[in-house]
Amino acid sequence: MTFMEFLNMGGYAAYVWSSVGLTVAVLIINVITARRAVSQELARLRGRYTNEANTGASQ
Amino acid sequence: MWTWFHKLSSPPHFYRLSASLIPWFGWLAAALIISSLYGGLVLAPADYQQGDGFRIIYVHVPSAMLSLFIYMFMATAAAIGMIWRMKLAHAVAVACAPIGASITFLALATGSIWGKPMWGTWWAWDARLTSELILLFLYLGYMGLRSAIDDTNRADRASAILALVGVVNVPIVHYSVTWWNSLHQGSTLMKKGGPALPPDMALPLFGMIIGFMCFFGAVALTRVKREVLVREQNSKWVKDMVTSK
Amino acid sequence: MQTPGLLDSALALLARDLKLGYRRLGELANPLVFFLVVATLFPLATSPEKELLMEIGPGIVWVAALLSSVLALDTLYRSDMDDGTLEQMALSPQPLAWLLLIKTIAHWLVSGLPLVILAPLVAKAFFLPAEAMWGMVASLALGTPTLSLIGSIGAALTAGLRRGGALVAMLVLPLSMPILIFGARATDLAMDGMDITGPLNLLAAIMFLALSLGPIAAAAAIRVSLD
């Protein structure tokens with residue numbers, strides 16, 4: 001398969017590449033949002049614990 | 001074996017285990033998906049009827065299979081949480097839902113894109129497509145119910161019941177092509193006597209399916225980590241771990 | 001005094017709920033009026049042409065019935081939840097699932113059965129031929145109880161929640177879709193004079209499934225909601 005044939009996908013380029021593109025996007029977005037959820041929570045907790053340490057330990 | 005299971009239900013242990021497993025699942029997923037995409041988009045021969053258009057199979061089928069798998073996984077985790085009252089099991093169920101919803105959307109979208117050139121339509125109200133759409137609504141309903149209930153314990157148990165009630169839809173999606181005259185093609189992979197695809201087409205497909213599973217493993221464990229942090233935020237082990245970093 | 005058995009408790013609860021239902025007739029008329037109004041919206045929005053209305057009539061009657069039954073779910077547990085009766089039911093020696101089944105039946109008798117009776121009227125407005133009437137009524141008679149049973153699970157899960165009303169629809173409608181499909185299909189087939197035992201059997205099967213498992217799920221959900 002030549003590179004042009006690869007891009008053209010036998011005339012189905014729009015369909016194949018939009019599907020593949022959408023898939024890659026969904027997979028990557030899942031990874032990013034999951035990782036961000038963890039890091040945001042860690043940051044929030046860090047802030048909260050520091051706050052508690054500063055204002056005296058919480059009950 | 002039970003000690004292993006019991007250890008698993010301890011949040012700090014599970015957290016550490018997840019942290020070590022995620023990179024394995026993640027890199028394995030990347031390797032499998034990239035190589036299988038190459039195998040499917042470049043190496044596999046074009047289909048006799050559909051030409052190169054059939055290559056959408058390499059993203060559509062794995063996402064459809066994963067959408068069902070995630071739901072069953074989520075429902076099982078919810079059941080374990082209810083029966084053995086394991087908070088961690090509920091955390092796993094919660095983690096699965098957004099992933100499942102996005103993958104179901106992907107299955108519907110790629111299916112729709114594939115349908116346009118092959119069936120001549122973006123959508124058809126046949127049994128398989130409709131029941132997969134219902135699956136998406138079930139995921140969204142699960143997430144909606146969780147966000148509507150403030151108390152974590154009540155939210156866990158209510159959404160567990162919802163997840164279990166929705167399980168009836170899963171066999172409907174799977175067997176819809178057998179039970180009804182459907183526009184969607186019948187079973188190709190899980191037939192008696194093996195898949196109906198030649199090996200050079202089937203191999204990348206299996207690679208993609210396993211790659212998607214590994215992807216799910218990595219992302220789900222990441223989200224479970226986050227759930228654990230939220231649920232255990234008042235415990236000593238979390239405080240120690242966060243402040244020591 | 002002996003603890004009331006299943007039959008006695010069922011009859012007592014049924015009588016109570018029906019009595020209460022008829023006392024708050026205004027509240028229960030709402031879903032029925034809603035049914036009529038929703039059905040009316042379609043010819044206004046699409047076209048009053050006889051051909052078109054006859055084509056989409058079965059579907060409209062069914063969608064209106066489905067939406068109306070979801071709307072009616074609000075009254076299923078609300079008052080009993082508010083005044084603590086539901087909690088008493090959960091503590092009583094009779095199985096909660098049994099009591100909830102009876103409540104759902106009473107609820108259907110007051111909000112679902114009138115729909116089934118009113119439906120031919122609406123169908124006439126959609127120029128549905130007489131041959132289709134029987135099929136439509138039979139499908140609704142089998143389908144609306146199932147909708148109530150599935151709805152009772154959704155209502156139980158959201159009982160006592162502030163924004164429960166909108167959420168119930170989102171939970172119940174996806175699970176109700178198969179009933180809608182088979183019910184509308186039965187009416188369509190009846191209109192063409194074809195045999196409708198297929199869809200009717202499926203509807204009956206789904207109804208029995210909902211009848212046996214629905215109250216159990218609802219009871220589990222009520223216990224969660226009561227905590």
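Residues numbered from 1 in each chain as written. Chains lettered and ligands numbered in written order. Predicted model: local features only at pLDDT ≥ 70, side-chain atom pairs only at ≥ 80, totals over all residues.

1. Concerning the overall build of chain A
Applicable threshold: Here a strand is any run of E in DSSP of at least two residues, a helix any run of H or I of at least four, and the numbering for each starts at the N terminus. Radius of gyration: C-alpha atoms only; globule rule: 2.2 Å multiplied by the number of residues to the exponent 0.38. Exposed residues have 12 or fewer other C-beta atoms within 10 Å of their own C-beta, buried residues have 20 or more, and partly exposed residues fall in between, where C-beta atoms are placed from the backbone.
On a plain count of helices and strands, chain A comes out with two helices and zero strands. The globule rule puts the C-alpha radius of gyration for 59 residues at 10 Å, and the 23 Å found for chain A is more than 25% above it. Over its C-alpha atoms, taken along the principal directions, chain A stretches across nearly 70 × 15 × 10 Å. The proportion of buried residues among the 59 residues of chain A is 17%.

2. Quick look at the overall build of chain C
To keep it simple, the criterion reads: Residues are scored as being in contact if the C-beta atoms we place from backbone atoms lie within 7 Å.
Along the backbone of chain C there are ten helices and zero strands. Listing every helix and strand of chain C by position from the N terminus yields α-α-α-α-α-α-α-α-α-α. Rg of the C-alpha trace for chain C: 18 Å, near the compact-globule value of 17 Å for 227 residues, within the 12% margin. Taken across its 227 residues, chain C has 48% of its residues classed as buried. For chain C, restricting intrachain contacts to residue pairs at least 6 apart in sequence, the fraction spanning at least 24 positions comes to 81%.

3. What to know about the interface of chain A and chain B
Note the cut-off: Put simply, Ala, Val, Leu, Ile, Met, Phe, Trp, Tyr, Cys and Pro go in the nonpolar bin, Asp, Glu, Lys and Arg in the charged bin, and everything else, Gly too, in the polar bin.
Taken together, the 26 residues of chain A in the interface contact 32 residues of chain B. At 20 residues, the largest contribution of residues to the side of chain A that touches chain B is made by helix α2 (residues 13-54) of chain A. Tallied by class, residues from the side of chain A that touches chain B come to 17 nonpolar, six polar and three charged.

4. Concerning helix α6 (residues 152-166) of chain B
Each turn of an α-helix holds 3.6 residues, which means side chains three or four residues apart point in the same direction. As a reminder, the rule being used: Expected helix span is taken as 1.5 Å per residue step, with the number of steps being one fewer than the number of residues.
The first and last C-alpha atoms of α6(B) sit 21 Å apart over 15 residues, in line with the 21 Å expected at 1.5 Å per residue. Of all the positions in α6(B), only B:D156, B:R157, B:A158, B:S159, B:A160, B:I161, B:L162, B:A163, B:V165 and B:G166 are classed as buried.

5. Description of the environment of B:A148
Assignment of secondary structure puts B:A148 in helix α5 (residues 127-148). Among the residues examined, B:A148 registers 20 C-beta atoms within 10 Å and is labelled buried. With near-sequence residues (within four places) excluded, B:A148 lies in contact with C:L161, C:R163 and C:L167.

6. Structural notes on the arrangement of the chains
There are two pairs of chains in contact here; the most contacts are made by chains A and B. A gap remains between chain A and chain C, with no contact made and the closest C-alpha atoms lying 24 Å from each other.

7. Description of the confidence of the model for chain C
Quick reminder of the rule: Within a predicted model, pLDDT stands for the predictor's per-residue confidence, ranging from 0 to 100.
For chain C, per-residue confidence averages 89 on the pLDDT scale, and residues scoring 70 or more make up 100% of the total. For this predicted complex, the interface score ipTM comes out at 0.88, alongside a pTM of 0.87.

8. Regarding the nonpolar core
We count it as follows: Joined through C-beta atoms within 7 Å, a set of buried Ala, Val, Leu, Ile, Met, Phe, Trp, Tyr and Cys residues constitutes a nonpolar core.
Judged by nonpolar contacts, the single largest core of 153 residues is most densely connected at B:M74, B:A93, B:C96, B:I161, C:V61 and C:A221. In terms of residues, this core owes the most to one element, helix α4 (residues 87-119) of chain B, which gives 17 residues. The contact partners of B:A93, leaving out residues within four places of it in the chain, are B:M74, B:A77, B:A78, B:G81, B:A160 and B:A163.

9. A look at unusual backbone geometry
The residue B:R85 is not glycine, and still its phi comes out positive at about 50°. Mapped onto the elements, B:R85 comes out in the loop between α3 (57-84) and α4. One non-glycine residue, C:F127, adopts positive backbone phi at about 60°. Turning to its location among the elements, C:F127 is positioned in the loop between α7 (113-125) and α8 (130-158). C:F127 gets classed as partly exposed once you count the C-beta atoms within 10 Å, which come to 15.

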